Structure formats: C-alpha cells, structure tokens
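Analysis of the macromolecular model
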There are 4 protein chains.
Amino acid sequence: MAGNSFGNILRLTTWGESHGPAIGCVLDGFPAGMDLCEEDIQVYLDKRKPGQSQLTTQRKESDTVKILSGVFDGKTTGTPISLYIANSDQHSNDYRELADCFRPGHADFGYFEKYGIRDYRGGGRSSARETACRVAAGAIAEKFLKELGISFRFYTAAIGNVVMDPAHFAPDLLYATPTNMPDAEGSRQAEALIQSCRENKDSVGGMVRGVISGVPAGIGDPVYGRLDAKLAEAMMSINASKEVGIGDGLFAGSHFGSQNNDAFYTDENGIIRTRTNHAGGILGGISNGADIVISTAFKPTPSIASPQETVMTDGTPKALSIHGRHDPCVVPRAVVVCETMSALVILDAMLLNMTAKADSVRSFYKNLQSGSGEEPGTTESEES
Amino acid sequence: MAGNSFGNILRLTTWGESHGPAIGCVLDGFPAGMDLCEEDIQVYLDKRKPGQSQLTTQRKESDTVKILSGVFDGKTTGTPISLYIANSDQHSNDYRELADCFRPGHADFGYFEKYGIRDYRGGGRSSARETACRVAAGAIAEKFLKELGISFRFYTAAIGNVVMDPAHFAPDLLYATPTNMPDAEGSRQAEALIQSCRENKDSVGGMVRGVISGVPAGIGDPVYGRLDAKLAEAMMSINASKEVGIGDGLFAGSHFGSQNNDAFYTDENGIIRTRTNHAGGILGGISNGADIVISTAFKPTPSIASPQETVMTDGTPKALSIHGRHDPCVVPRAVVVCETMSALVILDAMLLNMTAKADSVRSFYKNLQSGSGEEPGTTESEES
Amino acid sequence: MAGNSFGNILRLTTWGESHGPAIGCVLDGFPAGMDLCEEDIQVYLDKRKPGQSQLTTQRKESDTVKILSGVFDGKTTGTPISLYIANSDQHSNDYRELADCFRPGHADFGYFEKYGIRDYRGGGRSSARETACRVAAGAIAEKFLKELGISFRFYTAAIGNVVMDPAHFAPDLLYATPTNMPDAEGSRQAEALIQSCRENKDSVGGMVRGVISGVPAGIGDPVYGRLDAKLAEAMMSINASKEVGIGDGLFAGSHFGSQNNDAFYTDENGIIRTRTNHAGGILGGISNGADIVISTAFKPTPSIASPQETVMTDGTPKALSIHGRHDPCVVPRAVVVCETMSALVILDAMLLNMTAKADSVRSFYKNLQSGSGEEPGTTESEES
Amino acid sequence: MAGNSFGNILRLTTWGESHGPAIGCVLDGFPAGMDLCEEDIQVYLDKRKPGQSQLTTQRKESDTVKILSGVFDGKTTGTPISLYIANSDQHSNDYRELADCFRPGHADFGYFEKYGIRDYRGGGRSSARETACRVAAGAIAEKFLKELGISFRFYTAAIGNVVMDPAHFAPDLLYATPTNMPDAEGSRQAEALIQSCRENKDSVGGMVRGVISGVPAGIGDPVYGRLDAKLAEAMMSINASKEVGIGDGLFAGSHFGSQNNDAFYTDENGIIRTRTNHAGGILGGISNGADIVISTAFKPTPSIASPQETVMTDGTPKALSIHGRHDPCVVPRAVVVCETMSALVILDAMLLNMTAKADSVRSFYKNLQSGSGEEPGTTESEES
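The shown structure was predicted, so the numbers you read here are calculated from the model rather than taken from an experiment. (Residues numbered from 1 in each chain as written. Chains lettered and ligands numbered in written order. Predicted model: local features only at pLDDT ≥ 70, side-chain atom pairs only at ≥ 80, totals over all residues. Heavy atoms only, no water.)

Along chain A, the regular secondary structure elements total nine helices and 18 strands. For 384 residues, the compact-globule estimate of 2.2 N^0.38 gives 21 Å, and the C-alpha radius of gyration of chain A, at 22 Å, lies within 12% of that figure. When the backbone C-alpha atoms are referred to their principal axes, chain A occupies close to 70 × 50 × 35 Å. Residue burial in chain A is summarised as follows: out of 384 residues, 69% are buried. Taking the contacts inside chain A whose residues are at least 6 apart along the sequence as the reference set, 69% of them involve residues at least 24 apart. Carbon together with sulfur atoms contributes 51% to the accessible area of chain A, which is approximately 11200 Å² in total. Side chains of chain A carry 35 positive and 47 negative charges; the gap between the two charge centres is 4 Å. (Helix = DSSP H or I, 4+ residues; strand = E, 2+ residues; numbered from the N terminus. Rg over C-alpha atoms; globule rule 2.2 N^0.38 Å. Buried < 20%, exposed > 50% of the residue type's maximum accessible area, 1.4 Å probe, protein only. Contact = heavy atoms within 4.5 Å. Areas by Shrake-Rupley, 256 points an atom, 1.4 Å probe, with all protein chains shown as cover. Lys, Arg positive; Asp, Glu negative; His and termini not counted. Charge placed at Lys NZ, Arg CZ, Asp CG, Glu CD.)

Next comes the structure, spelled out in structure tokens:
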C-alpha cells in the first residue's frame, strides 16, 4: 500500500536509505521448518555486491547480512525473518552538490514533489542499494523453491547493442563472466562496450533474461492475480527497468495465431506438455508447466560524468557533471535482483495455490487429525 | 489476493463468467459527490462492445450497464458502486466440443490443473468478456481524472507487421477507425491484414499505445509501489497481453545514458519540465509531470479455425478446429481496456498521494475545523 | 481498505443500500469443487429474514438469493461467487422526514460528515440490511467448515436484563424460539420484555453467544493476525454491536492466574486438551483445540417511536419520533449474523494455516507431482 | 496477512523474539515532514519499560530505541521508519525447563501445533516484549495526532476486584502511580492486591480504559472498516486481552433505546454535539465528534510460580512451577500499549478519510497546481 511491501501470503517489507546506518527487510509468512543460515543468503548478496570489477561502482560494501529474527536452532520458525545489512562505505560528501539540484533521469525531482523533503545522499531511498534487501529475502524463497525442484537461470541477454546469441548460451558460465552474460565471446564484447562508456563518461542499458524451470502447471490466479502480471509488477519495480516481456513478449504482437499457439501433447510419462513455448510458460495468467521466460529491459545508468542540463530546487538552471561512484551499466548486477524477485513471486503464488481446491483443504485437515507419520499434518512434529 | 480484485484505496472487484447470467463488478473507495449516471459508463463500454464490425467477434452483446448501488440523486455516495451487465447472446453449444479438451494458447489447461474443474463455456472466467467490467469501472475513474485535468490518448499502434507511423497520428481519428489506429492509411492496411487473417482461419497480434497527459509530478510510490510497476501489473493483467514498456521501454536497453536522460529546465510559467521524454513521464516510479507513455503488446487470438494439435482432459491426443465466434485480432477492442485500466491505477495513486505530506494532513484537518467556504474541508458541505 | 471488504485468502466484498434495487456480495478465494446450490444459502438467510414474528420489523423481504457466478455443474469453481438479493418491500416514504435530520444513535450524522451526501432511505448503506450479505457468504464458508467437522452453536444469551441460565441450554431449541434463546422459559420472558418495549415505543439490547467446536489446535496467526483479534473485528463490524469477549472475557479481568489458567492434560486418545476453558479456545491468538467461545453485546435499536431530541442537517433543533418499521430488539436476528461472520473468519484462518509449515508445502507439491496424469481434483486425497 | 503487520495507509510491521538479539519494526506510510527524534519515541517506551517497580517483572531492559531510516535532518521523509530495540537482559536459562513443555495459559501449545517448531526462550515471538514495537511506532502516530489537536487519556480502570471510582479520576495522576490508576487511593489498594499476588505466587487481571478527545466527526469507514471494529481488532491483538467494549459496551446490552440513544444538539459555536455519550464517540462505525471511549479487559499473567498441571511436548504429564521473571499483573504496562495502538488506528483512519469526498480531491489537486513553482512542502499550508 505505502509502497515498501511486496507479496501477499509471503510478504516482504524493506527499509533503509543509501547513506543511513543500515538497510534491511522483514520477510513475513515464510513457512516454518526450513533450514536457514546467513551463508545461504550471503552467496546471493555476493552476486550483486558492488566493487567487484571495473564494470561496477567502486563503492566498497561487504553487504554482510545478519539474521535478527525468525530463525531458531537453524530453522525458520514461521515468524518474521528480519535481515540487517550495515552501510559501511558512504561518501556522502560526493552528494553535497546534489542537495539542491535534480539529477536528470533520477527520482530526485519526483520524490521532492511528492514528499517536499528528500535524503539526497546517494539517492536516499530511491538508491538501487535497496535491491540488496530484495536479493536477501528472495534468496530465502529461492532456496525453498529449489528444494521443491524449481530451478532458475537468469543472465544478461544484452548490453547496449551487444545481444547475446542464444545458441552460445553456456550454463556453466552463469554468474561466471564480469557481465553475467553466459557467453564468453559475447561477454568480452559487452565488457568492452561498458569500458568505453566509462571512458566516455557515459553509461549504457541492456536486458536481463530469466528462465524458471519446474514450476508445476496451475500456479497463478485469475484476472488481476495473474502470474505474469505479478512478475511484470516485480520486474518493473526494480530500479531502472523500463520494459517487461513474457515468452515471445513483444514479438507475439507481430505474429499470427497459427505461429504463436503452443500445441499440447502428452509425453511418455503421461504429462501434458507443449511442443513449443511461445507463451513463456504462462497462459491466462496461470502456469502451464513449461519454462517461465521473462525478459526485462534496463535503461542506462542516469548518473554520468559528462555535463548535463538541469535545474536547482528553486528552478534556476544548472550545468551538472555527476562525480560520485556509479556503475556505467546496471545490468550485470541486476541479474540476481530479477532472479530473486521472481522467486518471491513464484513462492507466494505456490503458497496461495495450496488453497485452490476444496479437496486439498479436506485432505490437509483430515491428515492433521489422523496424524499418522506419513501425512503433512504431522511429519513436522517429527522435527522436534 | 484471490485474484479478482485490483487497487488499494480505489479497489475494483469483478465477477462473472462468459456464459453465466451476467458479469459485474464492485468499485469500492470511490470519492463521494461526483456526478455519475449509466450513460457516463456506457460510452466507454460501447468502445469495446463486440459485433460492431467484421473485424470483431460476431457475438452480439448490448453490454448495457446497470448501476445497482453507490449512486444517489445522481451523485456518488462513497459507498461501493455495483455495476451489472447481463449476458444475452451466449451460444454455449459452440463449446460442447471443448468441454473435454484444452485449447492451445488458452487458459483451459491451467485453470483445470489449478481448480480441478472449469466452466468451459466461452472460457468461463478466463474469457476476455471480463474486461467489460474493467472498462465500466475504469470509466468512472477516468471521468473523475478528466475533471482533474488529466487526459488520455490510447490507440492501436500496430497490428501484426503494420506499425503506425507516429507522424501520421490524427487525434480526431481516436476511436474513429475500425482498427482504432488513428491513421487513415495505416488503419486501412491493418484492416486488410485482419481480414486476410479471418479468411485464412488465422489471427494476428499487435500493440496498444497510451499517452496520459496532465498527471502532476510526484504521483506514485517508492520501491514496490512504483507507478510504472502498477501500470505494468495492470496492463499485463489484461487478457492476451505479453509485454509492457514505459516510455522508450525496450529501446532504453540499447541506448547510452547521454541519449536516454531527459534534461530538466524551467518553463516560462516557472514549472520544471523535461526537454525530452524518454522516461515516459515516470522516474524512480514517481511521475515527473511529463506525459506518461505505455506500450502493451498483445498476442494473436488463440482461437483459430484452422486445425491444431491438442489433448483431451485425460491426455489423449485430439485434432481441434475452433468454431464459435472470435475476434481475429484483440487489439482494437483492447484499446479502451488499457485506457480505463490505466485510469484506475492513476486515480488510486493520486488518492494515496494526498496523504504523503504532513502539511497536507495538517491543512486538511485544520480546514475541516475552521470550516470556511474556501477550504477543502468544507466546500463539500455546500453540496447539501 | 475502503471498508466494504473482509478477509484475506477468503475475501468478502458486499454492496448495496437498504432501498436500492438490490444488495449483494462477491466471495472471492473460495476453494473449488464444493457442492453448492442456492438452497444451501437460503436456509441461513431465512434465519435472519425480517417479518417472521411480532418481535421483528414488519418489513417483508423474501431475501431470496441468486448465485450469479462461481458455481458450475453444482460445484464451486474457485472463481468469485457473486450473490444477489433483490430489495422488494421498501417504504421509502417512511424516510422522507429523515432526509434532513440526524437520527440519534444512528450512522446518519457520521456518514454525512464523512461523505457530504447520504442516501437517507432506510439508512442507505448503514442499514443492517447489509448483514444479509454477510449471512449469505458466511453460509458458504460454514457449509465447508461443517464438512471439515466443525460445528457452530450461536444463540441469544440475554435480552435486556433477561439473562439465559446456561443450565437451561437446550440444543434442540437452537433457532427454535422467537428470540433464538435456546431455553423455553427464558425465551418466554425475553419475548415478553421485547413486546413491552414495542408497546412502550422503546427498544432493548442483549447479547449473542457463540460456541465453535472442532477447530483444530494451531489455527490463527501471531501478533496482529490473532484469531481472537479477527473475531473481535468481525463481531464489532456488525451493526449495533458494542462489546466482544472471548472465553471468560471481562471476567478474566477480575480473576487470579491460578483460577484463569486452563491446565493441559492428554486424553485417552493421546490428544492434548485443557481441563477447563476459561480461555475460550484461543491462547496467544492461536486455537488450542478447545471450543471457541465468543460473546457479543448489542445495543438497543436506536429507531424508537417515542419522541427524541435531535437536529436538522443545518443544525436547527428538531423533535423526532421515528415511525417506519423497526425491530424493537436486533438480537434475535443478529444470532445468525454472528455465526456466519465467525465462519468467514475461521475458514480464512484455516486456509492460511495450510502454508504455515515447510513440510506441508513440500508434501502438497510432492503429491501434486506423483498425481500427475490423474484427475487433479482428487490427487491430494490420495495422501490419506 | 501473515500476521505481523497492522494498518492500511499507515502500516506497521514488527519483528523479533524475546531472546533474540533485538526486536524492531517498520512503520510505512507515515507522512513526510514531521519533526521526529528518538527522544520523542523514548518517552513512550519508558512508560512500558519493565523493572521500574516491584509490580513488574525484574527483567531489566533499557528499551533504548534507534531510528535506522525514514528520518532526515530531523524530519520524517515519507519513507519507511525502521526502529530498532536491542535485547539486553535475557536469562534464557530460566526457560530451559520450558523447552519441552507447554505453559498453561500461554501460546506455547498453539505455536507448536501451527509451526511444528518454537523458540521457547521467553515465549519467543509470542512474548509481550513485542508490544514495545507497538509503543514505539504508535508514539510516532500519537505525536502527529497531538499536533492535530487530538488527546489521549488511557489508564488502569481496574485491577482484579479493585475498580477505580470514575469520580476519583485525577488527570494529573495519569502515568503517575505505580499501577497507572489515576486515583491515589484506588492505586494503593490495587498495588496491595498485586503485591499479595506476588507473595501468593499468583497473578491478577484488570482493565484499561481509554478516552480519545478531538477526533473530528466522520472518521472511520462503513461496514467492515468501522472505526470500532478496527479498535477492537487492535485491542484484542494485544497480549492477554480478552474483551473490548466501546462506550457503554456490555451495559448497552441491558439498556433500553430511550436510555442508550445520545440526543443531538447544536452548541453555541454551531457545532453538532451529543448530550450524552453512551455510544463512546462512534455510531455506525464512524466517529461523531464525541470522546472515543474504549475499555479492554486483560487476563491475569499466565506465568505463575505456584505448581500447575501440564504436559510435555510428547504428551506426558508434568507438574510445572514457572520461575523466570514475570509481571504479577500486566495491566499497568498495558496502558501505554493500548494508547499507542489506538493512535495507529485513528491516524490510519484519518489519512484514508482525506480521500472520502470528490471535492477534497479536487481542491487538493487544484491547490497543488496553483502552488507550482513554489516549495511543495508548504503549498498546502497556503490554503489556510
């Protein structure tokens, strides 16, 4: 409602400003009894951590996460999981000049118009630093989804005009190149482009593609609760994203029905599948069991060192050259943000889906009563 | 939560199946005291009404709306506005054959997997007929936004490979061509393409573009409540939509920051504006006062008369040719759906925005007490 | 949010004014596959229907419910269930006099101050007629809860100073006396009191008690999602209710811990129970398996025929005697409203509870996979 | 939804366990531009701080609050306010014995049944220590409400059978006696009763009464959004509360309409008031401008040192005497919890109320435009 929460049964609330003492989040509604430790989360945070290569901002942040609640004896307890990440390497002085002017392409002006006050240091709340909280919380959701047999392949699909050739996709290169483009040659070209942007005091955009495998058919809700609507909302809520497509996305607009429909067939295990996957795994807002495919386009980093025209808070003109420390391209670090946000969406939808059938409710409560070791109702008590 | 509601302060809940007795909706949270009659809504419904030309399904529905509550003496009362649209021209027999099989590209399979039961008649709840309720409710929001000086220009920007030349945009042709493409020549070509699809027992996709002018700067919320995230969710929740972009959208991904940033300047009236509008009126999720630009791509209608491969509920193969009555292209009728959905998003965000500043709250309640005619707190009482 | 919806996974939205064409509601999130017909709902509506005895308003309403959506082939489909109840016996002329004045003890003044406009006919939206929608929707929830082995005993516990002796409780008299007090002698006395109120142009209050048996231990949520908090909210949202207690309620305030604690023991079936039930079945907001006991106090009907002091809309004084048709006591008809509202709360909490344990989620999805190729509706029941 | 959040536009999410490293909360949706410092919050926390007298638990907690976000240059920014309170004086060893058994009257059993795992140390999440977060967040809401001319008088109205005589109410003794009963003599008696409970290894319940003055008429929402329903939910969500009443509450049930109705009149300033206030300031769920009066009954502390019958996790019987450190009566410390929770409810309703009238929306946005070019933060205040 007020903007800093996301999800329904599984609900994330994040807080914190770029140059405050810390940032953090509360993940509520996560099921009890999953093994969880800080390292499970840290591995994801390390994928978006700044200062790892010349391609990213030189701000150094360990982004070390602390679990403050919701975990006991190494297991989630069902109570809110509070995560805390200290801010350590703020250079607020870099932002003094920005206190009274609006950076082109940034949220400064809108926040000021809305609230009449803004924390200009590092963009305050509008800083992409907030995405560290999404990654931390989403890592917990993704860990559980992996236990349920769901896998994620998110990567940089394009940087500027360097578009990865799908034929070159190398699974073993996921998160293994400086650009997070899983294609050695493509990544080298993208890297060169980003470097030239840095030298030209410029920046560049790109695209993140995600493929989620193993989501069962039937996940998602009708009408406004569509799984693709929730994924689009999630991706478009990430800093700098400007477009989201599912499956063939935009291209479906120029296709004929005879090209775009995915024929159904039954495989050797009696499972209903589609011959093609133009739909990207979602039909009518509900998963059909095929891979879910999401593409998100990101604009170039608005903070550039070359001079730009802007105005002061009082409206007087100003010529601005932004110094500070910024990524010439947000895409490499955005990959894990898209991945973990999608995990939050999928798990939330899967939790809600458990209540979709009267028979599911009946058997859940019948098992709870009968209470033999086999059934869901009581396997849990064996944990103790 | 359960999928059939949308919005926060202004909340829409829709109900009804394609071949049930009726469809309808409840719009809750709409401010009291706006003039409203059924005709105000009907003009919008008539823009999506089927059976108006050879380009659309031949199903004849008057789509006559009845207001059942929330309006008294010609004014909204602040209580829920219940709208009712009877279904009149169902041909359920057309769907008998579909009772036991899954139509490629349709929601049938997902709904069946999720719920274990489905109303196969005309797609039941997954039918695009539900969008009539969005249009009816959104029409009320749009009427109010127009009173607030906000205007909407939504139109067909492409049908298949017929892409409208922006230079040909003719405002007076909005909703005035059979394709809803406001370009006489482009529309003729698009019309020809749709006709050929019908003859080829095929269908085609396209794109709707929307431009919203007059939204003040400062509308939208941080992080997950971003105005663009809410618009993306809204557009992606519309049947057959597959991609949503804001401003330059996808193209921002291939641009450099120096191209993509919109410089700020102060106009002759002392209003801060941007020289360009690559951002599409939204930065950091909050409006900047420039036109809000949204593009939504729609897939081709999945119901086509040519034979397709599919399976029965029990998994056995089936060759299917869909008869019934279907639009060979959903785009022309989707225009007003996109327009009215965006109105619901914008008004909801503008209502929430009223509480963003402590000073706004202070003056609202100070005025309520002081009660002189000039202030918001009491102008209302003059209604009586 | 805007006030006319209730619940989370199971969400009710009601609409309609006392003297509009109809009232109705939408129940979203109800599980698919439960048998449901209009008669299942009508039997509950008939328990609150007016005009059945001298004790209630003489307004005659058949309160016949129509199901407009969400049910197919006699089963719920998981899509929104839209219920419609026509208004038939409005005497709006009775209310002309009330158009410009505020009835003491009524919502008139508050609605006018809030909205600046009000439908004065029969109280418009603030009329207790709205509770028919709660009963209709709650009847559906209660039907399902009964299938799950949960039973409800709600009754009139007091009318004015006529307090039912718990020792006289006669289960076979539930809903079988004109006062809905299941005690022949107590009911006679209460009836006499209500009659004397009618003769004295006065009205009287009372209390409804409810006992819900069979709710498993572990239902409800921590902190703000407490089951007792949700029940209190539900009861206090019913017209004319002024106090809600759980278990010993108020009396717990004057007790010692040694009196109030309910000792735990294990019964012959190995089930953990409590020796007493001062807590009313809820501890820390979560059910403990004992009977849930709720008491709700209702004020006397504010509409009385004897003269009262009040003011006109413009503030000028007025002496008012309310004619129209009103219940001298709301309690008898409130019983089924409390019962069905509690059913909505319990079912919503039980649905959410299915997601509380990671092991429940794991086994749900494990079974879904193992069940592939078979009729999804029954996959789960194979667990047992 | 998942239970740890409360409110709509103004939304509180709390986290933390009694014996974890810290507890805290996030308050989202608070308007921007209010002066706020930690001391503003601390004064409220100090009112519930344990270890201040023999009447309360001897656990020593400074309950020092840190503001981690949402405040810049001493003003709220409109972004989430994150509050952090370290836990310092845990004696977890006191709870070892409780790891495998269920304390009578406590949430232990319910949490274990629901989640299959529980943090038994100090009750974990179910500990009343969570209420410190409610107080911290509610203090911020109350500060703002006071600026708006709304005042709060909450106090201990009864401890066991020691019921304060309203005639003895001494405003200057609010929060000034060890029992928080603002009546010197009554407080002495209550204190003696609590002391005797401690000596008898027993505990006792009581009641908190609250009076909120200055809430304008028209606050609250229809049907399920009733202000009294929200207050009842809020009070019943506080640990150990068992009953909530508004105005005359329970007594209204035994009254006649002619006694219970509050006559309207117009005062010398032309303001419409009521002669009496049986309704407790709320009619039909909406405020009428009179004092809002809430009474909440609390059960005796379940943790008592005298031996009790209970069972182990595995169901085997156990005789339990609870040592640890506990309040023999929760009421004195519950007063400020009730007060601040009510502030959250009232402010949330007042924020939503700003959108109730179309004219309010019109003038808000008209003023926003007229104010363009000037400092947005003050535009509105120019209205007055």
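Right, let's talk about the relation of the copies chain C and chain D for a bit. With an axial shift of 0.0 Å and an RMSD of 0.0 Å, the rotation relating chain C to chain D amounts to 180°. Taken together, the turn and the small shift mark the pair as related by a two-fold rotation axis. Judged by C-alpha distance, E233(C) is the residue of chain C that lies nearest the rotation axis, at 2.3 Å. Interface overlap between copies: 100% of the residues of chain C at the interface are likewise at the interface in chain D, consistent with a symmetric, same-surface contact. (Least-squares fit on C-alpha atoms with pLDDT ≥ 70 in both.)

Moving on, we come to the sheet that holds strand β11 (residues 241-246) of chain C. Ordered by their spatial adjacency, ten strands build an open sheet running β9(C)-β8(C)-β10(C)-β16(C)-β11(C)-β11(D)-β16(D)-β10(D)-β8(D)-β9(D), and the pairing between neighbours is antiparallel. The outermost strands of the open sheet, each flanked by one partner alone, are β9 (162-163) of chain C together with β9 (162-163) of chain D. Note that strand β8 (residues 151-159) of chain D and strand β10 (residues 206-213) of chain D share eight bridges and pair antiparallel. By the bridge assignment, A158(D) is partnered in β10(D) with M207(D). Across the sheet, helix α5 (residues 227-236) of chain C touches β11 and β16 (292-298) of chain C together with β11 (241-246) of chain D, and the angle it forms with β11(C) is around 155°. (Pairing = 2+ DSSP bridges. Axes fitted to C-alpha atoms, helices over the stretch in contact; angles between N-to-C directions.)

A separate point is the packing of aromatic side chains. Here the structure, examined in full by the defined rule, presents 50 aromatic pairs over all chains. With a centroid separation of 5.1 Å and an interplanar angle of 45°, the aromatic rings of Y155(D) and F169(D) are classed as tilted. Pair noted here: Y155(D) is in strand β8 and F169(D) is in the loop between β9 and α4 (184-199), with a separation of 14 residues, a long-range link. The structure contains a cluster of three or more aromatic residues connected by ring pairs, namely W15(A), Y84(A), W15(D) and Y84(D). One cation-aromatic arrangement involves K47(D) over Y175(D); the distance from NZ or CZ to the ring centre is 4.2 Å. (Phe/Tyr/Trp six-rings, centres within 6.5 Å; stacked < 30°, edge-to-face > 60°. Lys NZ or Arg CZ within 6 Å of the ring centre and 35° of its normal.)

A few words now on the interface of chain C and chain D. Between chain C and chain D, the contact holds 101 residues from the first and 102 residues from the second. Carbon and sulfur atoms make up 60% of the area that chain C and chain D hide from each other, which totals about 8200 Å². On the surface where chain C and chain D come into contact, there are six salt bridges. In this structure, K114(C) engages D221(D) in a salt bridge whose closest nitrogen and oxygen atoms are separated by 3.6 Å. In this structure, the connection of chain C to chain D is made through 44 residue pairs in polar contact (both at pLDDT 80 or more). Among the residues forming the side of chain C that touches chain D, the class breakdown is 45 nonpolar, 37 polar and 19 charged. Across three bridges, the pairing between β11(C) and β11(D) is antiparallel. (Buried area = accessible area lost by both parts, 1.4 Å probe. Salt bridge = Lys/Arg side-chain N within 4 Å of Asp/Glu carboxyl O. Polar contact = N/O pair within 3.5 Å; in protein donor to acceptor, adjacent residues only side chain to side chain. Nonpolar A, V, L, I, M, F, W, Y, C, P; charged D, E, K, R; others polar.)

Interfaces are often described in size by the accessible area the parts lose on coming together. Each partner contributes to the interface: chain B provides 101 residues, whereas chain A provides 101 residues. Of the roughly 8200 Å² buried between chain B and chain A, counting both surfaces, carbon and sulfur atoms make up 60%. Where chain B meets chain A, there are six salt bridges. Two residues, E233(A) and K230(B), come together in a salt bridge whose shortest N-O distance is 2.9 Å.

To continue, consider the confidence of the model for chain A. The predicted model of chain A has a mean per-residue pLDDT of 92, with 93% of residues at 70 or higher. In the predicted structure, residues 372-384 of chain A sits below a pLDDT of 50 and forms 29 contacts with residues beyond four places in sequence or in another chain. (pLDDT = per-residue confidence, 0-100.)

Most peptide bonds are trans, and most residues other than glycine sit at a negative phi. For A240(B), which is not glycine, the phi dihedral falls at a positive 75°. By the element assignment, A240(B) lies in the loop between α5 (227-236) and β11 (241-246). With phi around 50°, D73(C) is a residue other than glycine that occupies positive phi space. Examined against the element boundaries, D73(C) turns out to sit in the loop between β5 (71-72) and β6 (75-76). Classification of D73(C) by relative accessible area gives exposed; the value is 66%.

In this structure, K299(B) sits in the loop between β16 (292-298) and β17 (308-311). Buried charge K299(B) goes without a salt bridge, the closest partner of opposite sign being D262(A) at 7.3 Å. Separated by 2.9 Å, the side chain of K299(B) and the backbone oxygen of G105(B) make a polar contact.

As a further point, take the sheet that holds strand β4 (residues 65-67) of chain A. Sheets are built from strands that pair by backbone hydrogen bonding, the pairs being arranged parallel or antiparallel. All names here are of chain A. Judged by pairing direction, the sheet is antiparallel, and its five strands sit side by side in the order β1-β2-β3-β7-β4 without closing on themselves. Here the strands that pair on one side only, and so sit at the sheet edges, are β1 (5-6) and β4. Bridging between strand β2 (residues 11-16) and strand β3 (residues 22-28) involves six bridges; their strand directions are antiparallel. Bridge pairing links L12 to L27 in β3. Strands in contact with helix α3 (residues 131-147) are β2, β3 and β7 (81-86); relative to β3, the strand with the most contacts, it is inclined by about 35°.

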